[in-house]
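Summary of structural features
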Amino acid sequence: MRYLSLIALAVCLGACAPVQPWQKGNLAKANMAFDPDKLDARTKAHIYASKEAASGGDGVSAGGCGCN
């Protein structure tokens, strides 16, 4: 079992390839960001927090009723 996990780790680490300098421009494009449109992301977060009726409703585990 130990050898199997070592082989799996070696395969995963061997699959990583360094990014060449001329490829880094592709990764810096706006469409590669998690939220390419910052205003749209803030608006959606505001609407979600307003509908949740709780402070910090974005990712917080508490509900709008006051219970945890």
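Since this is a predicted model, take the numbers as computed values, not measurements. (Residues numbered from 1 in each chain as written. Predicted model: local features only at pLDDT ≥ 70, side-chain atom pairs only at ≥ 80, totals over all residues. Heavy atoms only, no water.)

1. Some thoughts on the overall build of the protein
The helix and strand inventory of the protein stands at 3 helices and 0 strands. For the protein, the sequential pattern of α-helices and β-strands runs α-α-α. Taking all 68 residues of the protein together, 1% fall into the buried category. (Helix = DSSP H or I, 4+ residues; strand = E, 2+ residues; numbered from the N terminus. Buried < 20%, exposed > 50% of the residue type's maximum accessible area, 1.4 Å probe, protein only.)

2. Some words on the pattern of salt bridges
The full count for this structure, using the stated rule, is 1 salt bridge. The partner of Lys44 in a salt bridge is Asp40, with the nearest N and O atoms 3.5 Å apart. Placement of both Lys44 and Asp40 in helix α3 (residues 38-52) is noted, with a separation of 4 residues, approximately one turn of the helix. Residue classification places Lys44 among the exposed residues on the basis of a relative accessible area of 53%. (Salt bridge = Lys/Arg side-chain N within 4 Å of Asp/Glu carboxyl O.)

3. A look at a nonpolar patch on the surface
Among the surface-exposed residues, Tyr3, Leu6, Ile7, Leu9, Val11 and Leu13 lie close enough to one another that they form a single nonpolar patch of about 680 Å² accessible area. Locating Leu6 in the fold gives a position in helix α1 (residues 2-14). Judged by its relative accessible area of 49%, Leu6 falls in the partly exposed class. (Patch = residues over 30% accessible without salt bridge, like charges linked within 9 Å, V, L, I, M, F, W, Y side chains within 5 Å. Areas by Shrake-Rupley, 256 points an atom, 1.4 Å probe, with all protein chains shown as cover.)

4. Remarks on the confidence of the model for the protein
Within the protein, residue pLDDT values average 74, and 74% of them lie at 70 or more. Element-level mean pLDDT values for the protein span from 78 in α1 up to 84 in α3. (pLDDT = per-residue confidence, 0-100.)

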